[in-house]
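# Understanding the architecture of this molecule
One-letter residues, chain by chain:
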Amino acid sequence: QVQLVESGGGLVQAGGSLRLSCAASGRTFSRYAMGWFRQAPGKEREFVASISGSGSTTYYGDSVKGRFTISRDNAKNTVYLQMNSLKPEDTAVYYCAADQDLLPRQWVSKSRLLGYWGQGTQVTVSS
């Protein structure tokens with residue numbers, strides 16, 4: 001069982017930056033691919049980014065490429081999402097997820113199969 005707790009959300013002006021963190025329980029953190037999704041009011045959940053257990057492979061949604069960076073610190077059981085050049089359309093609840101079986105590149109199309117989810121953290125970008 002893996003428990004995920006997100007933090008770092010908040011209110012920021014357009015063009016600003018935020019860093020989200022997701023702390024995971026358990027002693028086998030490096031065996032799990034990790035990632036982020038987001039969901040804005042009235043919209044479907046959207047893939048943001050994923051990272052392999054070792055951190056060597058990352059994938060990004062088209063809308064965040066070049067602006068967001070996912071990383072992880074396996075010694076701290078934590079995955080991060082650095083968000084730069086934020087836009088009002090980035091406003092959403094951001095969810096952390098973990099899975100031991102799906103490859104990071106599969107997260108875009110198979111999010112329903114992901115094993116573990118956090119409770120989410122709100123990110124609001126004002127114009």
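We now turn to the structure provided with this report. Not measured: the values here are computed from a predicted model. (Residues numbered from 1 in each chain as written. Predicted model: local features only at pLDDT ≥ 70, side-chain atom pairs only at ≥ 80, totals over all residues. Heavy atoms only, no water.)

With that settled, consider the overall build of the protein. For the protein, the count of helices and strands is zero helices and 11 strands. Reading the secondary structure of the protein in the N-to-C direction produces β-β-β-β-β-β-β-β-β-β-β. Relative to its length of 127 residues, the protein is compact, with a C-alpha radius of gyration of 13 Å against a globular reference of 14 Å. When the backbone C-alpha atoms are referred to their principal axes, the protein occupies close to 40 × 30 × 25 Å. Expressed as a percentage of the 127 residues in the protein, the buried residues total 45%. In the protein, 14 positive and 9 negative side-chain charges are present, and the distance between their average locations comes to 4 Å. (Helix = DSSP H or I, 4+ residues; strand = E, 2+ residues; numbered from the N terminus. Rg over C-alpha atoms; globule rule 2.2 N^0.38 Å. Buried < 20%, exposed > 50% of the residue type's maximum accessible area, 1.4 Å probe, protein only. Lys, Arg positive; Asp, Glu negative; His and termini not counted. Charge placed at Lys NZ, Arg CZ, Asp CG, Glu CD.)

Right, let's talk about the side chain of N77 for a bit. Among the structural elements, N77 can be located in the loop between strand 7 (68-73) and strand 8 (78-83). Beyond its immediate sequence surroundings of up to four residues, N77 is in contact with C22, A23, A24, S25, G26 and F29. (Contact = heavy atoms within 4.5 Å.)

This part takes up the environment of F47. Relative to the assigned elements, F47 resides in strand 5 (residues 46-51). With a relative accessible area of 8%, F47 lands in the buried category. Separated by 18 residues in the primary sequence, F47 and F29 have C-alpha atoms spaced 21 Å apart. Setting aside residues up to four positions removed in sequence, F47 forms contacts with W36, F37, Y59, Y60, G61, W107 and V108.

Let us now look at unusual backbone geometry. Notably, N77 is not glycine yet its phi reads approximately 55 degrees, a positive angle. Despite not being glycine, S85 has its phi angle at roughly 50 degrees, a positive value. Tracing the backbone through its elements, the reader meets S85 in the loop between strand 8 and strand 9 (92-99).

Time to look at the state of the cysteines. Within this structure, the stated rule accounts for one disulfide. For C22, the disulfide goes to C96, at an S-S distance of 2.1 Å. Its S-S torsion of about -80 degrees marks the bond between C22 and C96 as left-handed, since a negative value means left-handed. With a gap of 74 residues between them, C22 in strand 3 (residues 18-24) and C96 in strand 9 connect regions that are remote in the sequence. (Disulfide = S-S within 2.5 Å.)

This part is about the environment of C96. Judged by relative accessible area, C96 falls into the buried class, the value being 0%. Each C-alpha atom, one on C96 and one on V5, is 7.8 Å from the other, the two residues being 91 residues apart in sequence. With near-sequence residues (within four places) excluded, C96 lies in contact with L4, E6, C22, M34, G35, W36, V79, Y116, W117 and G118.

If you walk through the whole model with that rule in mind, you get four salt bridges. Residue D62 is joined to K65 by a salt bridge in which the shortest nitrogen-to-oxygen separation is 3.2 Å. Salt-bridge contacts for R67 lead to D90; the nearest nitrogen and oxygen are separated by 2.7 Å. Separated by 23 residues along the polypeptide, R67 in the loop between strand 6 (58-60) and strand 7 and D90 in the loop between strand 8 and strand 9 bring together distant segments of the chain. Each of the salt bridges in this network shares a partner with another, and the network as a whole consists of R38, E46, R67 and D90. (Salt bridge = Lys/Arg side-chain N within 4 Å of Asp/Glu carboxyl O.)

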